2 protein chains.
Amino acid sequence: MMHPEFETYLRRSDLAEEAVRKISDLAVARKLRRNELLLSAGEICRHKVFVVSGLLHTFNISAGGTQHILQFAPENSWTLDVESYDRQIPSQVSIGAVEPSTILCWQKKDFDMLLAEVPQLKKFAEGLIARNIHYSRKRILISLSATPEEKYEDFIQTFPDYLARLPLRMIAAYLGISIKTLTRIRHAQLQR
Amino acid sequence: MMHPEFETYLRRSDLAEEAVRKISDLAVARKLRRNELLLSAGEICRHKVFVVSGLLHTFNISAGGTQHILQFAPENSWTLDVESYDRQIPSQVSIGAVEPSTILCWQKKDFDMLLAEVPQLKKFAEGLIARNIHYSRKRILISLSATPEEKYEDFIQTFPDYLARLPLRMIAAYLGISIKTLTRIRHAQLQR
């Protein structure tokens, strides 16, 4: 199977053509409608997922019905529930499509084999993991120390192109602030 | 150099004797007084650190003077500022001793060499990284969705032995709640 966008992405990361071919060959493409779920809380996350186009989000719904968003995954990024995938235990979160999306999926056994057999992919994956750790650390620090205004400011600096793609309630659910507070912050900004 | 506690820790993780020797030989022991800083915000984190005894914490101080705690590192755990260490850029956080502590330090170049030459250490380090990612993810989810009561409850479940070792203000600084709120929660619990 050819997956041209994904192959371009891998080549940009300096993977050799043979590695690109091997990785791409094991991917299965899938389309998701807007709001379609890829993983529901309680299921086991069995696939590594690359987003070719569209936008996914990882979230949970608390007892009171409030949505909390752990992560957005736009085109050219990866997503999964890492603990459920690594340990093959039920996921505490769901993954769904915010926009109509095209994704590539690898079964865990296939991706594990690729990691073992393609040193370039292993190295590339380690780089992704490091960035993930750095970002998580920054996000924890922000959640502890930043005001709602600073959280929003950081969000628009970090993800400038998300603003036009996401409803306000999702940005609020990602920042851990209420829609009311977010609306107030945006209103104050517009008045500056 | 012999570092018996550390070597016992590595052997428990199934590292072979030759690997244990090689890793231990490159460690330099250091003692920290209570409140002594190992790394100050703005410095570059140049060492991988294992805590033999005592308790360290990673924190930052916001503009208003409030301390926020990213991580505690008790005996038999590792600590560093991961982004500063990986990229050798100035750290945004400080690391200091909450209790008088004994630590082992490896220079980055030595530890990188060990990771490249000791496959068992590489595998062991990957396990630590995975646990770190799972825990960070859980912490972000809790910071988004849990009430202060739930945050405190999770803390005492996850770290039962920290309660007696930490001043309340540090627990509050880790949970991202005020001391006033924390005191109210503990008071309510005692009355149950």
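Residues numbered from 1 in each chain as written. Chains lettered and ligands numbered in written order. Predicted model: local features only at pLDDT ≥ 70, side-chain atom pairs only at ≥ 80, totals over all residues. Heavy atoms only, no water.

S.K.: How would you summarise helix α2 (residues 17-25) of chain A if you had to cite specific residues and measurements?
M.R.: Note that an α-helix has 3.6 residues per turn; residues three or four places apart therefore point the same way. Residues and elements named next belong to chain A. What α2 keeps buried is the set Ala19, Val20, Ile23 and Ser24. Here the buried residues of α2 occupy an arc of 125 degrees about the axis, which is enough to place them on one side. Each element contacted by the buried residues of α2 is listed here: α1 (4-12), β8 (101-107), α4 (108-117) and α5 (119-145). (Buried < 20%, exposed > 50% of the residue type's maximum accessible area, 1.4 Å probe, protein only. Helix = DSSP H or I, 4+ residues; strand = E, 2+ residues; numbered from the N terminus. Arc of directions from axis to C-beta. Contact = heavy atoms within 4.5 Å.)

S.K.: Go over the packing of aromatic side chains, please, and point to the residues and values.
M.R.: Think of a pair of aromatic rings as described by two things: how far the centres are apart, and how the planes are tilted against each other in angle. Residues and elements named next belong to chain B. Using the criterion set out here, one finds 38 aromatic pairs over all chains in the structure. Relative to tryptophan 78, the ring of tyrosine 9 has its centre 6.3 Å away and its plane inclined at 55 degrees; by these criteria the two rings are tilted. Within this pair, whereas tyrosine 9 is found in helix α1 (residues 4-12), its partner tryptophan 78 is found in strand β6 (residues 77-79), the two being separated by 69 residues in sequence. Among the residues examined, tyrosine 9 registers a relative accessible area of 8% and is labelled buried. Geometrically, the ring pair formed by phenylalanine 72 and tyrosine 162 is edge-to-face, given 5.5 Å between the ring centres and 80 degrees between the ring planes. Linking phenylalanine 72 in strand β5 (residues 67-74) with tyrosine 162 in the loop between α6 (148-158) and α7 (168-175), this pair joins segments that are 90 residues apart in sequence. Of the residues examined, tyrosine 162 reaches a relative accessible area of 3% and is grouped as buried. (Phe/Tyr/Trp six-rings, centres within 6.5 Å; stacked < 30°, edge-to-face > 60°.)

S.K.: Describe in detail the pairing of strand β4 (residues 55-61) of chain A, supporting the description with residues and values.
M.R.: Residues and elements named next belong to chain A. Of all 7 residues in β4, 6 are buried; the element is thus mostly enclosed. Sheet topology places β4 next to strand β5 (residues 67-74); 7 bridges connect them, and they run antiparallel. Across the sheet, leucine 55 pairs through a bridge with proline 74, a residue of β5. Here β4 hands over to β5 after 5 residues, with glycine 65 in that stretch at a positive phi of 95 degrees. Of the pairings in the sheet, the one linking β4 to strand β7 (residues 94-97) comprises 4 bridges and is antiparallel in character. The residue of β7 that forms the bridge with histidine 57 is glycine 96. (Pairing = 2+ DSSP bridges.)

S.K.: Summarise the relation of the copies chain A and chain B; cite the residues concerned and give the values.
M.R.: The transform that puts chain A on chain B rotates by 180 degrees and translates by 0.0 Å along the axis, for an RMSD of 0.0 Å. When the rotation and shift are considered jointly, the pair of chain copies conforms to a two-fold rotation axis. Interface overlap between copies is the fraction of interface residues in one copy that are interface residues in the other; for chain A against chain B it reaches 100%, indicating a shared surface. (Least-squares fit on C-alpha atoms with pLDDT ≥ 70 in both.)

S.K.: Explain the nonpolar core to me, using residue names and the numbers behind them.
M.R.: In this structure, A:Phe6, A:Trp106, B:Phe6 and B:Trp106 are the most contacted members of the largest nonpolar core, which totals 68 residues. Those residues in contact with B:Trp106, other than ones at most four positions away along the chain, are B:Phe6, B:Ile23, B:Leu26, B:Ala27, B:Arg46, B:His47, B:Lys48, B:Phe50, B:Trp78, B:Phe111 and B:Leu114. (Core = buried A, V, L, I, M, F, W, Y, C linked by side-chain atoms within 4.5 Å.)

S.K.: For the interface of chain A and chain B, give the residues involved together with the corresponding values.
M.R.: Across the contact, 30 residues belong to chain A and 30 residues belong to chain B. Here chain A is connected to chain B by 4 salt bridges. Between A:Glu126 and B:Lys122 there is a salt bridge, with its nearest N and O atoms 2.7 Å apart. Across the chain A-chain B interface, the total number found is 10 residue pairs in polar contact (both at pLDDT 80 or more). Considering every element that reaches the side of chain A that touches chain B, the biggest residue donor is α5(A), with 14 residues. Looking at side-chain class alone, the side of chain A that touches chain B contains 14 nonpolar, 8 polar and 8 charged residues. (Salt bridge = Lys/Arg side-chain N within 4 Å of Asp/Glu carboxyl O. Polar contact = N/O pair within 3.5 Å; in protein donor to acceptor, adjacent residues only side chain to side chain. Nonpolar A, V, L, I, M, F, W, Y, C, P; charged D, E, K, R; others polar.)

S.K.: Describe in detail the sheet that holds β6(B), supporting the description with residues and values.
M.R.: Residue and element names in this part refer to chain B. Spatial strand order, β1-β8-β3-β6: 4 strands in an open sheet with antiparallel pairing. Two strands lie at the open edges of the sheet, namely β1 (28-32) and β6, each paired on one side alone. Each strand of the sheet is rotated relative to its neighbour by a mean of 35 degrees, with strand direction disregarded. Bridge count between β1 and strand β8 (residues 101-107): 5 bridges; the pairing is antiparallel. Of the residues in β8, the one forming a bridge with valine 28 is cysteine 105. Packed on one face of the sheet, α1 meets β3 (47-53), β6 and β8 and runs near 100 degrees to β3. (Axes fitted to C-alpha atoms, helices over the stretch in contact; angles between N-to-C directions.)

S.K.: Tell me about the sheet that holds strand β2 (residues 37-39) of chain B, and please be specific about residues and values.
M.R.: All names here are of chain B. Strand order in the open sheet formed by 4 strands is β2-β7-β4-β5, and the pairing between neighbours is antiparallel. With partners counted over all chains shown, the strands left at the sheet margins are β2 and β5, one partner each. Direction aside, the axes of adjacent strands within the sheet are offset by 30 degrees on average.

S.K.: Just give me the short version of the pattern of salt bridges, but keep the residues and values in it.
M.R.: Residues and elements named next belong to chain A. Applying the stated criterion across every chain yields a total of 34 salt bridges over all chains. For the salt bridge of lysine 22 with glutamate 117, the shortest nitrogen-to-oxygen distance reads 3.1 Å. In this pair, lysine 22 sits in helix α2 while glutamate 117 sits in helix α4, placing the two residues 95 residues apart along the sequence. The partner of glutamate 75 in a salt bridge is arginine 165, with the nearest N and O atoms 2.9 Å apart. One end of the pair, glutamate 75, is in the loop between β5 and β6 (77-79); the other, arginine 165, is in the loop between α6 (148-158) and α7 (168-175), and 90 residues separate them in sequence. Within this structure, Glu7, Arg11, Glu17, Arg21 and Asp25 form a network of salt bridges that share partners.

Coordinates in, geometry out; function isn't part of it.
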